[in-house]
Each structure stands twice: as structure tokens, then as C-alpha cells.
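Examining the three-dimensional arrangement
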Protein chains: 2
Amino acid sequence: MSIGDVCHIPSPLARHNRGIFAAIVTPRNASNSVFTLEHSAADSRARAGVVHTAHGDIPTPVFMPVGTQGTVKAMEQRSLVELDARIILGNTYHLYLRPGTQVLTAMGGLHRMMGWQGALLTDSGGFQVFSLRELRTLREEGAEFRSHIDGSKHLFTPESVVDIQRAIGSDIFMVLDECTPWPAERSVAKTSMELTLRWAQRSRARHLEAPFMYGHHQAQFAIGQGSTYDDLRRECMDRLVDMDYEGYAIGGLSVGEPHQDMYRIVDVSTERMPRDKPRYLMGVGTPENILRCIALGVDMFDCVMPTRNARNGTIYTTRGRVNIKNAQYKFADEPLDDGLDNHASQNTSLAYLRHLFNAGEILGLMLATMQNVALYLWLARTARQRILEGTFTTWAEDTIQRLHAPRS
Amino acid sequence: MSIGDVCHIPSPLARHNRGIFAAIVTPRNASNSVFTLEHSAADSRARAGVVHTAHGDIPTPVFMPVGTQGTVKAMEQRSLVELDARIILGNTYHLYLRPGTQVLTAMGGLHRMMGWQGALLTDSGGFQVFSLRELRTLREEGAEFRSHIDGSKHLFTPESVVDIQRAIGSDIFMVLDECTPWPAERSVAKTSMELTLRWAQRSRARHLEAPFMYGHHQAQFAIGQGSTYDDLRRECMDRLVDMDYEGYAIGGLSVGEPHQDMYRIVDVSTERMPRDKPRYLMGVGTPENILRCIALGVDMFDCVMPTRNARNGTIYTTRGRVNIKNAQYKFADEPLDDGLDNHASQNTSLAYLRHLFNAGEILGLMLATMQNVALYLWLARTARQRILEGTFTTWAEDTIQRLHAPRS
């Protein structure tokens, strides 16, 4: 089945989901190209572009809210639409365990199951399996692990991870990689990288031979590893580029290494990533991390930080950081963030949100999450606009100072 | 300050809350009347009417979602608007402890603090203090209790409870009563009722002498007690009616007594309640309870059941009850409730909701809450329509059977 073909799945819910498949016929520049580079900054490597998917175009730089188990925690899908989120993440590891591929297939994929008409990217599960530590064993064939839910034994292979993502129906899926622990001896990092590369070959082969399950195009991104060794990172990326993926990601960062190592590895990696393909930095990070890595040429970001911090009461605003449980907000009769143009930011007072957190109310988690997701989406959207206008660098420095300071 | 006067509180948030005070100038039929009786059924005592408040007219019968701590748990205020909820509850006991009257006053009242432009009714705290058991002592002056949060000691008097509700700014507030435990000896029930009546006198006096704090009219409802003794219930209601409240409630039910006792006491009570004033049955109940009590002449209901059950995974639908965690819904690719015309009911599949509950996701609680609140609002709204059309009784019997059966 070729790009642009549509396979309608008739079902009782179908009438409620008109439009889910509407974006499938989005024209492409070329059969294998999912990216249009619009503009490169003059004073940094920052760039503005568009990632094309079967579920809509995604202006970049972009922040992708994390919806691990088929929901961005504490948010309705329509709130994501309201905030103009164009793409969200799902996680192959979690979705494989729950609800499982049988259910996902019966529902016609995750887009339809969760009623999400935007784009979906799925992480491969490599990072989660890596996080299981005692519960997993890596071997040539794949990664064997025990479920964190019930201890049951499972095997992820490069091929099975492609197939799970086919069942999920994500627009962009990631290869199974080994996320090298940090710190790692050079020899360990090299061995790990070689495994990642062999798995990447198998992943690509499986992807190119298997038909799309729901008829819409699915792109596949490779993941560069190599720990904090510049030469390994270069070699890994070069060899992945030879495999001709639709996009490339930088993995194995934000695992404990100093920020300066992270920035250097991003720098080394983006230098080797093709100009005409999207570049994705996985699992990063703070607003500062994101802006600094945009300057190094990254297009796509995801991180649990805005959603997880929201649930802990740490709120990002355009005027600085807030710990909403702090007594100073008891009488704070002002909008959460008048610099953001959405319902939650404009119509929630700091005092009300503090009360909700103090009283342990779910609505507190909901409103804080909307604020933080709105802030991160605004951050990437404004970065893009500044890149196009040629004012990114000064704006970014100012924004980093402002966002990381206590709220003014 | 008379009905219809408006006192605008200038503040930084005011511009975001345009319209909060818009309904204040709603015309009234008479200075002290908050109710218009529109229609009485021919074959039951069911009635359709309108409760007039400073924050809008409320067609009755009405179900009032419970927002104990200034939020209907797991719901945004705009979702309540979407479901056409016209009035919600707050709780004096909880709001007094958190955020406290100082904060509420500084915010210009709870409507403004929570951004709720509909009507608010506040329970007096009598039921909560009653529930504290070991933590409270009743005496003539009032109810002394220890906070369930930090053990601090507090005194509620009939007068202080009026003042707390003035600070909350509710449109309808309830007098402090003693919720007589069940079962109670006749002499105990009689002594308790007499205390409730003396407190009611003091509450009314305080209400009539104290100015409204934010300029909008606030009505006060009395609460009938008398346990399951018909004569005490009649006497209590008669003596409350003599005090000329804006509305009357039936309290002390749904505390463990058999359903048939509850129906009999409601029957006895509504017989003595004025035709031209709203009748409110506190804390009741299942869809069946509500429809049966509408038939007995009740206009207003509140209950935590739809919201609390939602969070436990018990869902009411127009096609029957659902335990969403049940394996039978694993592949259930159909809308939660196609009989209800709202986003959550129409666009959430049973399988997706089951997955969210299984995975412990907050969105599950949010969607289930929306469904159950939508169902209860639909129930009261449809009851009203059937009363006006003269088809209430047969519809009610059919609906009771349908709603309480497993989902078809």
C-alpha cells in the first residue's frame, strides 16, 4: 500500500471520528521526504521547517507533549487541540503492555482509539527497557524484559517493535536501540553502539517490507548513540544516515551526564545529521536545554518535564517559575500567565490554583498541566517565529533568564 | 443593599471575568420570591419551575453537581457550562478550612475565585460536622469541632455560618442544623429538632440583618429535621415555614435509613412545604431516588454519587450501568453513551475509558466524571420536559428500569 492510500475502518465510532483520516492525502515533496527546511538562522544553526505527516503538517522547532499510555496525563485531547499541539508522543513499551496490540488493532490504531486527529510519534521502548535494569537482558536477538506491571516475560526485537508501532499506527516511529548507560567506558559504549547499528539495519529492513496497517504513511527515525564520545557519536550518525531513514534522533542523553556534555554531543550530532531531514533530540529538557539545542540545529523535542512538574506544583510561566504550593500565592489574585493566550492561563488565578493543590484536587493537576504544556508549546512556536524573523539568539538568551528565574 | 444592586470589585482578574455579574439584574417576580412554579403534574406531585438567582435562572427539577472544595472533582468549570449545569454546590465546612474566609473575601467570593458564572449553593457544614462524630461537641451556642486536616479547634454558630456563606458569596445558603443520627429514639429526635429550630431562628435573624458582601442577592433555605418520625417532620417543617425562608430543604435523610422510610419522609415533608417556594432534598441519591422524589414534589437535588462513583469506575449511561474495569469492555468499540449529546459521551469509547482506568490515568477520572454528571443533568432536565409534556410517570418508571440495569 503506497503513501496516500486510505483504508477506512468501518465501525460504530467512525461517525464520531470524521476527519481523523482527512490529512492522509497531504501532498509530499517527494516519496521519502517528510521535511521541508524553510529557513536557517544566520547567527546560529537554528532552523525553521515543517515535518509532514499523514495527520498534518508540523511547523518546527516543535515540542511534543508526552502521552505515554495514550493520554497526555491529566489533559483532554481537545485541550491539546486548543493549545495547537500538532504532535504528541506515545510509548511503545507501555502501549504494548496496556492496552496491547490486539486491542489497538481492533480499535483501528491509537489515533482512533483516543480520538486524536493530530500526529503521533512513538518511542521504541528502548529507553524504558533500559530503565528496567534488573528486569531486562540484552542479547543479539533483542531485549528480554519483565513487565513492571505483572512481572511477565517479554522479548522486544527490532522487528517486533516495528510491528507494534504499525499496530499503534503512529505517524513517526523510532527504532529499537540500546540506550547506553552513563558513564560508560569507551569499549562498552562502542559495543553498545554496534548493537544499536545492527538493530537499526534490521528495523529499517522490517519497516520497508511491512505494509502500513491502517493505510496512512508511517515514517521511521533512527536513533544515534555513542555515549559522550564525540567520535563514536559521529560514526554512529554517519552509518545511520547511510541507511536512509526519514529522520534522525539523538538518544542516550539526559541520563545523568553534565549539561555541557549534552550540548557538545548535540553539536557533534547535528553536524552529521542531514539538512533535509528532521532532527529530534529525545527526552530533553528544560526551557533552557530546548532553546540551546534549537540553536544547535535540533527541530523536535519531547520531555515529561512540563507534565510531571505540573503535577508536583512546579509551574513554568512566561514571567518565571512558580512553586504553586508556596504561601506567597495565598492571596495572589492574578492570572497564572497573562503572557499566554489560552483559557487555563488567563482564567485561573494563582490563589485558586494554590488552593486546589493545597486541597489535593484533581483540577489543580489539570490546570497546572495545561499551563506547562501551553508554555512549552509557546516556547517552540515563538522560537520558530524568531528564527524566521532573524531575532532568535537575543530572544533566546532573554527568555532563558526570564523563564528560569522566580516569577516576577 | 437591595436585590439587583451590583457591586463591582475591581481587580487584575476582573477583565477575565466579564459576565460573572451579568446575571445579577435578572428580573424577579417579587422581592422575596426566588421561585416560579410553572406546571404541576396531573398524576403525581411532580412539578416544573424556575429558581431565580443572581447568577441565572435554574429550571427545575434540577440536579446540582457537588463541588465541595470549590471544584467539582476532576472537572473544569467550562465543562460544567458545556453540560448546561446552572448551579453547583460548595461546602461551608471545607471552604471555611481551605482556602478560608480571608482568602475568599480577598478574591471577591468563590464565584470569582473559581471563575464560575453560574449559581452556587452552599451547604451549611451541619452534615460535615455531624460526620466528624468523635471530633465534635454540640451545645446551645453552636457546634464545636476539630478540623479533619490539622485537628485545630473551631466553633460554628448559626450566625458564623451565615457570615462564612456571605464571604463565599453563594446564591443560596443553608442554615446550620443538627443532622440527627439514624436510628434515633423519638425523644432524641425531638430534642435535636428543637435545637435545629432554635438555630434556624438565629440563622434567619442574622441573614436578614447582614448586608450581602458582594452586592448580589443571596437566598437562605431552612432544613427540616425530625428523623423518621412523621409528626416531628411535619411539626418541624410547619415551624420553619412560619419563619418565611426563601426555600426549604429536607435534611437528615440518606443516613442509613431504608429507602421506604426516606420516600415516606419526603412525602410527609413536601406536603407541608409551600407550593411557591423551592424544595430541596439534600444528598439524594441514585437516579431511582431522584425520579421517585421528583414524583413526590421535590425540585432540587445534590449528591456526590455521580462524581464519586465515576472515580471508582461505575458509570451511569442512558443504556444502563457500566463497571468500566470489567473485561467485557476490553474491545468495546462504541461510544460511552450515544444517548447524551456531549463531547465526552460521544467521543470516548468504552474500550478507551477501560484502558485509562486500567492504566491508572487521570483522564479516565475526568471522562467518567463528565459522563456521570452529564447523565444526572440529563435526568433532571428530561424529567422537567416530561412533566411539562404530561408524560413524566411512565417515562420515570421506564427510565428507572433502564438506568439501573447493566448496560444493554
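Bear in mind that the values here come from a model prediction, so they are computed numbers and not experimental data.

About the cut-offs
- Residues numbered from 1 in each chain as written.
- Chains lettered and ligands numbered in written order.
- Predicted model: local features only at pLDDT ≥ 70, side-chain atom pairs only at ≥ 80, totals over all residues.
- Pairing = 2+ DSSP bridges.
- Helix = DSSP H or I, 4+ residues; strand = E, 2+ residues; numbered from the N terminus.
- Axes fitted to C-alpha atoms, helices over the stretch in contact; angles between N-to-C directions.
- Domains from an automatic or database assignment.
- Nonpolar A, V, L, I, M, F, W, Y, C, P; charged D, E, K, R; others polar.
- Parallel < 35°, antiparallel > 145°, perpendicular 65-115°, else oblique.
- Left-handed = near helix turned anticlockwise from the far one by under 90°.
- Contact = placed C-beta atoms within 7 Å.
- Least-squares fit on C-alpha atoms with pLDDT ≥ 70 in both.

1. With respect to the sheet that holds strand β14 (residues 300–302) of chain A
Residues and elements named next belong to chain A.
- One open sheet accounts for eight strands, arranged β4-β14-β13-β12-β11-β10-β6-β5; its pairing is parallel. Because the sheet does not close on itself, it has two edges, and the strands there are β4 (62–64) and β5 (87–91). Strand-to-strand, the axes of this sheet are offset by a mean angle of 25°, without reference to chain direction.
- Pairing of strand β13 (residues 279–281) with β14 involves two bridges; the strand directions are parallel. Paired with Tyr280 across the two strands is Met300, which belongs to β14.

2. With respect to the domain arrangement of chain A
Residue and element names in this part refer to chain A.
- Domain annotation for chain A reports domain 1 (35–303) and domain 2 (312–403).
- Here domain 1 and domain 2 have C-alpha centroids that lie 27 Å from each other.
- Those elements that provide at least two residues to the side of domain 1 that touches domain 2 are β2 (47–53), β3 (56–60), β4, α1 (77–82) and α10 (287–295).
- A total of six residues in the side of domain 1 that touches domain 2 trace back to one element, the largest contributor, which is α10.
- Its residues assigned to classes, the side of domain 1 that touches domain 2 comprises 20 nonpolar, four polar and six charged.

3. As for the packing of helix α6 (residues 158–168) of chain B against helix α7 (residues 186–209) of chain B
Residues and elements named next belong to chain B.
- Running from N to C, α6 and α7 cross one another at 40°; their axes reach a closest spacing of 8 Å. Viewed along their axes, α6 and α7 adopt a mutual orientation that is oblique. Crossing of α6 against α7: the hand is right-handed. Seen from α6, the contacting residues are Pro158, Glu159 and Val162; seen from α7, they are Trp199, Arg202, Ser203, Arg206 and His207.
- Looking at the contact of α6 with α7, its residues break down into three nonpolar, two polar and three charged.

4. Remarks on the relation of the copies chain B and chain A
- Between the two copies, chain B and chain A, the superposition gives an RMSD of 0.0 Å; the rotation angle is 180° and the shift along the axis is 0.0 Å. Viewed as a symmetry operation, the transformation between the two copies matches a two-fold axis. Looking at the rotation axis and the C-alpha trace of chain B, the residue lying nearest is Ile362 of chain B, at 4.0 Å.
- A share of 98% of the interface residues of chain B reappears at the interface of chain A, consistent with the copies meeting face to face through the same patch.

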